[in-house]
Amino acid sequence: MIILISNRDIATTWRDTAALTFDPVIQQFITTLDISKKTQETLFRENPASMVQRENKFASLLVKEDPMHHAFCHLQMEWVKQQLSGNMLADIVFSATKALFGSEMLEVDPRFPEFYFGFEEAAWKISNNNAHTICFWTISHIITSPSLLASVRTETSKACSPSGSVDLTILTNHCPQLDAIWHEVLRLYTAVSLIRVAIQKTSINGKIINKGDQVMSPTRQSHLNRELFGSDATELHPERFLKDKKLANQKGYHPLGGGNTYCPGRFLAKQEVYTLVALMLYRFDIDVEDGSLPTVNAAEPSLGAMRPMGNIRVKVSARKL
Ligand code: HEM
């Protein structure tokens, strides 16, 4: 295992997607879900069209017509990225339905793409643990600090209306206090490892990486670095991001990764967290019953947001709107 900690090495690791891949880690993960070796090979096999029998009329048009010959799981990733970019969502779902299941599926029930949206929404909630863990820490810090609660409620309430709608432009562009908390929570509660396995020999700024080597670039130590974030780096102080607007772009702060694998869900995650915070503070009074924040579970391996050990007890009552 090769551990890289300099920002330059981490940036090179992000870029070298030809030699350094995350696939073996995903394979290891899906093994824990009891997915058979054969299915795994099918998912990761390049040019899946070669597996499709020509005479099979239900064979996937999608894999047959992909000029890049992506393995199925990489094709799936491309869809996710395109969906997250906000374009073509309906077209992709419609074509993917036709390609994967044939037009028969749409004949049986033309509402299938509609149901698929519902499925995707629910699946993301289950599979993407990061955003809801970050929601937990954000809300917890706000409600345990009367001054944060007052300032965030004042700025975010301008984005909320009694009808239940939320103005995302106001929320994501004109709430500096919430922005500062978002950055501070991401800094303190993510432990991204950027694990890669070399599928061919390569080099990272002069260091030789042989085929089969594992590379890991943990980010937490730089997020807690006193030289970068000050002597109180292990504590949550949103003022540091308010005072220094360049801090969020500083090398050594990368809770959402970077380079070629920069988290494509970052805009969605931010909107999810900001919307939840704004609506909770607008609609409810939240009284903390025991006053203390749970500690972070630093012992549990994490690929992103770190989970709390324990809960926070609150009393929630509806506010008069
Ligand atoms: C606050 C919440 C989130 C955090 C902290 C987070 C963090 C990250 C990080 C650090 C990476 C890069 C991993 C690497 O290079 O090894 C990543 C990649 C990714 N994230 Fe997120 N993420 C969050 C939310 C989301 C959401 C909401 C989605 C989708 C709905 C999402 C989808 C993805 C995908 C598809 C990739 C892989 C990109 C690629 O390999 O090209 N993420 N995320």
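Under the annotation held in an unreviewed UniProt entry, the chain carries the name Cytochrome P450 and is attributed to Letharia lupina. Per UniProt, the comment on the chain under Cofactor (unreviewed entry) is "heme".

Caption draft 1: Just the overall build of the chain, in detail. Scanning the chain from terminus to terminus reveals 16 helices and ten strands. In the chain, buried positions account for 21% of the 321 residues.

Caption draft 2: Looking closely at the site of the ligand. In the region of the ligand, 22 residues are neighbours, and Asn-130, Gly-257, Thr-261, Cys-263 and Gly-265 sit closest. At the level of secondary structure, the elements contributing two or more residues to the shell around the ligand comprise helix 5 (72-84), helix 9 (129-143) and helix 16 (266-283). In terms of residue count, helix 9 provides more of the shell around the ligand than any other element does, three residues in total. Taken together, the residues of the shell around the ligand sort by class into 15 nonpolar, seven polar and no charged.

Caption draft 3: Focus on the sheet that holds strand 6 (residues 214-216). Strand order in this open sheet of four strands is 1-6-3-2, and the pairing throughout is mixed. Strands at the two margins of the open sheet, each flanked by one partner only, are strand 1 (2-3) and strand 2 (20-21). In the sheet, strand 2 pairs with strand 3 (residues 195-198) via two bridges, with the strands oriented antiparallel. Paired with Thr-21 across the two strands is Val-197, which belongs to strand 3.

Caption draft 4: Representation of the nonpolar core. In terms of nonpolar packing, the biggest core is built from 40 residues, with Ile-134, Val-185, Tyr-189, Val-273 and Val-277 touching the most fellow members. Breaking this core down by element, the ones donating at least two residues are helix 9, helix 12 (176-189) and helix 16. If near-sequence neighbours (up to four positions away) are discounted, Ile-134 is found in contact with Val-185, Leu-186, Tyr-189, Val-273 and Ala-305.

Caption draft 5: Looking closely at the environment of Gly-230. Within the element layout of this structure, Gly-230 appears in the loop between helix 14 (226-229) and helix 15 (239-243). Sequence separation between Gly-230 and Arg-240 is ten residues; the distance between their C-alpha atoms is 8.7 Å.

Caption draft 6: Molecular detail of the UniProt feature "binding site: heme" (unreviewed entry) in the chain. In the UniProt entry, the feature "binding site: heme" (unreviewed entry) is given for Cys-263. Tracing the backbone through its elements, the reader meets Cys-263 in the loop between helix 15 and helix 16. Excluding residues that lie within four positions of it along the chain, Cys-263 makes contacts with Leu-256 and Gly-257.

Caption draft 7: Structural view of unusual backbone geometry. Of note in this structure, Leu-194 is not a glycine but carries a positive phi near 45°. Relative to the helices and strands, Leu-194 resides in the loop between helix 12 and strand 3. Given 21 C-beta atoms within 10 Å, Leu-194 falls into the buried group.

Caption draft 8: Broad picture of the packing of helix 9 against helix 12. Axis separation between helix 9 and helix 12 bottoms out at 10 Å; the angle between their running directions is 120°. Judged on the interaxial angle alone, helix 12 and helix 9 are oblique. The two elements helix 9 and helix 12 meet at a crossing, and its hand is right-handed. Taken together, the residues of helix 12 that come into contact with helix 9 (itself represented by Ile-134, Trp-137, Thr-138, His-141 and Ile-142) are Ile-181, Trp-182, Val-185, Leu-186 and Tyr-189. Residues that form the contact of helix 9 with helix 12 fall into these classes: eight nonpolar, two polar and no charged.

About the thresholds
Residues numbered from 1 in each chain as written. Predicted model: local features only at pLDDT ≥ 70, side-chain atom pairs only at ≥ 80, totals over all residues. UniProt positions renumbered as here; feature names shortened; annotations may be inferred. Helix = DSSP H or I, 4+ residues; strand = E, 2+ residues; numbered from the N terminus. Buried ≥ 20, exposed ≤ 12 C-beta atoms within 10 Å, placed from the backbone. Near = placed C-beta within 6 Å. Nonpolar A, V, L, I, M, F, W, Y, C, P; charged D, E, K, R; others polar. Pairing = 2+ DSSP bridges. Core = buried A, V, L, I, M, F, W, Y, C linked by C-beta atoms within 7 Å. Contact = placed C-beta atoms within 7 Å. Axes fitted to C-alpha atoms, helices over the stretch in contact; angles between N-to-C directions. Parallel < 35°, antiparallel > 145°, perpendicular 65-115°, else oblique. Left-handed = near helix turned anticlockwise from the far one by under 90°.

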